[in-house]
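Listed below are the residues making up each chain.
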Amino acid sequence: ALGIILAVLAPLVIAANAVVAVALLRLIQKSSSKGLYFVLNLAVADATVGFTVVGLVIDEFSQTVNRPQVFCVLRMAFVTSSSAASVLSLVLVASDRHLAIRKPFHYLQLVTGTRVGLRLLGVWLVAVLVGFLPALNPRFQKVSAHAKCFFFGVFHPAYMLTVFCVGFLPALFVFAYLYCDMLKVASAHVQQILEVQQAGLAGGCPPPRPAGEVKAMRTVALLITCFTLSWLPFFIVSILQTACSSCYTHGVVENYLWLPGLFNSLLNPLLYSYRQKDVRLQLSQWVAGVKRRI
């Protein structure tokens, strides 16, 4: 059953992110917005998650063969690195939207090509470091006699606790701070809009339209909600497993609780293609062009 689920999810994740990545590349060619590179990087990271899961699908359907310890460590390191890159890319996207709302008049001066490139490079370096930490530090490895590769078969529970404290929890705090600050800025803007509307109605001028950052806030709120619901159960059970090593919950963690994290890589491109008008328009134009060619 797990192999079938992975075999269905992996191609969907790859295909959805590939389509959104192509649409974003065309948007980048048309516009000068550097913030689209962060969304493109998120699509690339999520597509990489799908590619790394293909190896797990092969393991599920292959015959029972004892894999070498190094092979399993490297395979799961690639899965963890791509997932970490996806999470860090979400943080970059939220930070970019926060900067656009907080400093809209200086956004173009602050978000330059060099700074975008350095941030993207930093994301992948940190993701690779987090994912390959057990390969660099044997104390985070665990010798297992199981035939197939899975997280707790090769990773010590202390590693999952480290990832939670160093990666997941700070990312969740950053998400919460950015959203609360955007909510504060948007509330101030709404108050200003109401004052201008009252003055405009009194002076016979048409009231201004609502601020555009409300839509960006909703998108970030959806990202935070999906991210939290997808990964929080996995890390909670991982911590419980670390605290109580005799409680055998490996089957629950391996077969069920990490699947929402994989599903989150499918939700991200669907969310952006639905929430972003430019992406929807680009996708519709692309589909129309394909229909004409057919």
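Residues numbered from 1 in each chain as written. Predicted model: local features only at pLDDT ≥ 70, side-chain atom pairs only at ≥ 80, totals over all residues. Heavy atoms only, no water.

Undergrad: How should I be thinking about the packing of helix α1 (residues 2–30) against helix α2 (residues 36–61) in this particular structure?
TA: Working note: a packed helix pair is described by the angle between its axes plus the distance between those axes. At a minimum axis distance of 8 Å, the contact between α1 and α2 shows a crossing angle of 155°. The angle between α1 and α2 places the two elements in the roughly antiparallel class. Between α1 and α2 lies a crossing of left-handed hand. Counted by class, the contact of α1 with α2 contains 25 nonpolar, three polar and two charged residues. (Axes fitted to C-alpha atoms, helices over the stretch in contact; angles between N-to-C directions. Helix = DSSP H or I, 4+ residues; strand = E, 2+ residues; numbered from the N terminus. Parallel < 35°, antiparallel > 145°, perpendicular 65-115°, else oblique. Left-handed = near helix turned anticlockwise from the far one by under 90°. Nonpolar A, V, L, I, M, F, W, Y, C, P; charged D, E, K, R; others polar.)

Undergrad: In this structure, what is going on with the pattern of salt bridges? I would like to understand it.
TA: Side-chain pairing between opposite charges can occur once the charged atoms of the two side chains come close. Applying the stated rule across the entire model yields two salt bridges. Where Asp181 meets Arg102, a salt bridge forms, and the shortest distance between an N and an O atom there is 2.6 Å. In this pair, Asp181 is assigned in helix α8 (residues 157–203) and Arg102 in helix α3 (residues 69–102), connecting sequence segments 79 residues apart. The exposure class assigned to Arg102 is partly exposed, which follows from its relative accessible area of 39%. (Salt bridge = Lys/Arg side-chain N within 4 Å of Asp/Glu carboxyl O. Buried < 20%, exposed > 50% of the residue type's maximum accessible area, 1.4 Å probe, protein only.)

Undergrad: Teacher, can you tell me more about the nonpolar core here?
TA: Within soluble globular proteins, side chains that are nonpolar tend to cluster in buried spots. If you look at the biggest cluster of nonpolar residues, it comprises 74 residues, and the most contacted ones within it are Leu6, Leu24, Val53, Phe227, Trp258 and Leu262. Those residues within four positions of Leu24 in sequence are excluded, and the remaining contacts are Leu36, Val39, Leu40 and Val279. (Core = buried A, V, L, I, M, F, W, Y, C linked by side-chain atoms within 4.5 Å. Contact = heavy atoms within 4.5 Å.)

Undergrad: In this structure, what is going on with the side chain of Ser82? I would like to understand it.
TA: Looking at where Ser82 falls in the secondary structure, it is placed in helix α3. Overall, the relative accessible area of 2% leaves Ser82 in the buried class. If we skip the residues at most four places from it in the chain, Ser82 touches Ala45, Thr48, Val49 and Thr52.

Undergrad: Just to check I follow, could you spell out the side chain of Ser89 for this structure?
TA: Assignment of secondary structure puts Ser89 in helix α3. Apart from residues no more than four positions distant in its own chain, Ser89 is found in contact with Asn41, Leu42, Ala45 and Val123.

Undergrad: I'm lost on the UniProt feature "transmembrane region" (unreviewed entry) in the protein chain in this one. Help?
TA: Following the UniProt record, the feature "transmembrane region" (unreviewed entry) maps to residues 6–28, 35–58, 73–95, 116–136, 156–179, 219–243 and 255–274 here. The distance from the first to the last C-alpha atom of residues 156–179 is 34 Å, and the span holds 96% helix and 0% strand. (UniProt positions renumbered as here; feature names shortened; annotations may be inferred.)

Undergrad: It is not clear to me how the environment of Tyr37 should be interpreted in this structure. Could you clarify?
TA: The residue Tyr37 is located in helix α2 in this model. Tyr37 sits 55 residues away from Leu92 along the chain, and the two C-alpha atoms are 10.0 Å apart. Once you skip the residues sitting within four places of it in the chain, Tyr37 turns out to touch Ile28, Val116 and Leu120.

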